[in-house]
Amino acid sequence: MKKWKKIASAAFLTAAICNFGVSLVVSASTNGWAVTYRKYAQEHENWCWAACAQASGRHENDNSIVTQTQVASHGKNGTNIYTMGTIEQTLDAAEFASLDTATYAIGSTNYPFEFYIAQLVNDHVTIVGLMYTDDNGNILGTGGHMVTIGAARIVAGSSRFITYFDPYDGGYTRECAYGNFYNGTKVLANQSVPSAVSDILYPTGG
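Attention in this report is confined to the structure presented alongside it. Computed from a predicted model, the values in this text were never measured in an experiment.

How each quantity is defined
Residues numbered from 1 in each chain as written. Predicted model: local features only at pLDDT ≥ 70, side-chain atom pairs only at ≥ 80, totals over all residues. Heavy atoms only, no water. Axes fitted to C-alpha atoms, helices over the stretch in contact; angles between N-to-C directions. Helix = DSSP H or I, 4+ residues; strand = E, 2+ residues; numbered from the N terminus. Left-handed = near helix turned anticlockwise from the far one by under 90°. Contact = heavy atoms within 4.5 Å. Nonpolar A, V, L, I, M, F, W, Y, C, P; charged D, E, K, R; others polar. Buried < 20%, exposed > 50% of the residue type's maximum accessible area, 1.4 Å probe, protein only. Arc of directions from axis to C-beta. Polar contact = N/O pair within 3.5 Å; in protein donor to acceptor, adjacent residues only side chain to side chain. Salt bridge = Lys/Arg side-chain N within 4 Å of Asp/Glu carboxyl O. Parallel < 35°, antiparallel > 145°, perpendicular 65-115°, else oblique.

### Remarks on the packing of helix H1 (residues 48-59) against helix H3 (residues 87-97)
One way to put it is that H1 packs onto H3 with a least axis distance of 7 Å and a crossing angle of 40 degrees. When the axes of H1 and H3 are compared, the crossing they make is right-handed. Of the residues in H3, those touching H1 at Trp49, Ala53, Gln54, Gly57 and Arg58 are Gln89, Thr90, Ala93, Ala94 and Ala97. Residues that form the contact of H1 with H3 fall into these classes: five nonpolar, four polar and one charged.

### Some remarks on helix H2 (residues 68-75)
Turning to H2, its buried residues are Gln68, Val71, Ala72 and Gly75. Mapping the buried residues of H2 onto a view down its axis gives an arc of 95 degrees, with all of them on the same face. Tucked inside the fold, the buried residues of H2 contact H1 and H3. Backbone geometry just after H2 places Asn77 at a positive phi near 55 degrees.

### Examining the side chain of Thr90
Structurally, the position occupied by Thr90 is in helix H3. A relative accessible area of 0% places Thr90 in the buried class. Within polar-contact distance, the side chain of Thr90 engages the backbone oxygen of Thr86 at 2.8 Å. Not counting the four nearest positions on each side in its chain, Thr90 is found in contact with Trp49, Ala53, Ile127, Met146 and Leu201.

### A closer look at the pattern of salt bridges
Opposite charge on two side chains permits pairing when their charged atoms draw close. Summed over all chains, the structure comprises two salt bridges. As a salt-bridge pair, Arg160 and Glu114 come within 2.8 Å of each other at their nearest N and O atoms. One end of the pair, Arg160, is in strand S6 (residues 159-166); the other, Glu114, is in helix H4 (residues 113-121), and 46 residues separate them in sequence. For Arg160, a relative accessible area of 33% gives the class partly exposed.

### Points about the environment of Gln54
Along the chain, the position of Gln54 falls in helix H1. For Gln54 and Gln68, which are 14 residues apart along the polypeptide, the C-alpha to C-alpha distance reads 6.2 Å. For Gln54, the side chain forms a polar contact with the side chain of Gln68, separated by 3.0 Å.

### A word on the packing of H2 against H3
Between H2 and H3, the least distance of the axes is 8 Å, while the angle of their chain directions is 135 degrees. The orientation of H2 with respect to H3, classified from their angle, is oblique. Remark: the crossing between H2 and H3 carries right-handed chirality. For the pair formed by H2 and H3, the contact residues are Gln70, Val71, His74 and Gly75 on the first element and Gln89, Asp92, Ala93, Phe96 and Ala97 on the second. Class assignment for the residues of the contact of H2 with H3 results in four nonpolar, four polar and one charged.

Here it is, written out as structure tokens:
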């Protein structure tokens, strides 16, 4: 069942996010946001994109029982389905997983933290693409990875944290500082190199 929840605390915060189609006013008792959704480990080595598309798309439609194999086959048009997926193929796959009831958009990498809050408030699971980089932030060109965003919170009025699900190696959930996640500080447990956000894929509408 689709649902999102506020996480209570004593912090004070007011934010307006009109640019993302929602005006959000957060009360004194709230500093966190989370979506409850079913998470899927990737079933094959290169299927992080398919697992994320399956999780996000099926969350948009409770009636969807689309399998990860069906998602990957659709995204790849039935050809070379076990290879890495592009952000465009992930978009097609996520819409398919929603039984074409949701429309997805590819977003800018410079969207602020408040964008993720707006997505959570609207009960959406955002897909984020990560590219591997060197210690200077230069993209290595050796592939990337995808994760889904399920929660965000602000501590003491300023410290920002994001919670993501990584479908690799059986899947795991991890929280990290938003700055580390966004700029890349080896946020993925299986990495030996840093990563940085390269693409954002999200359902549109409330």
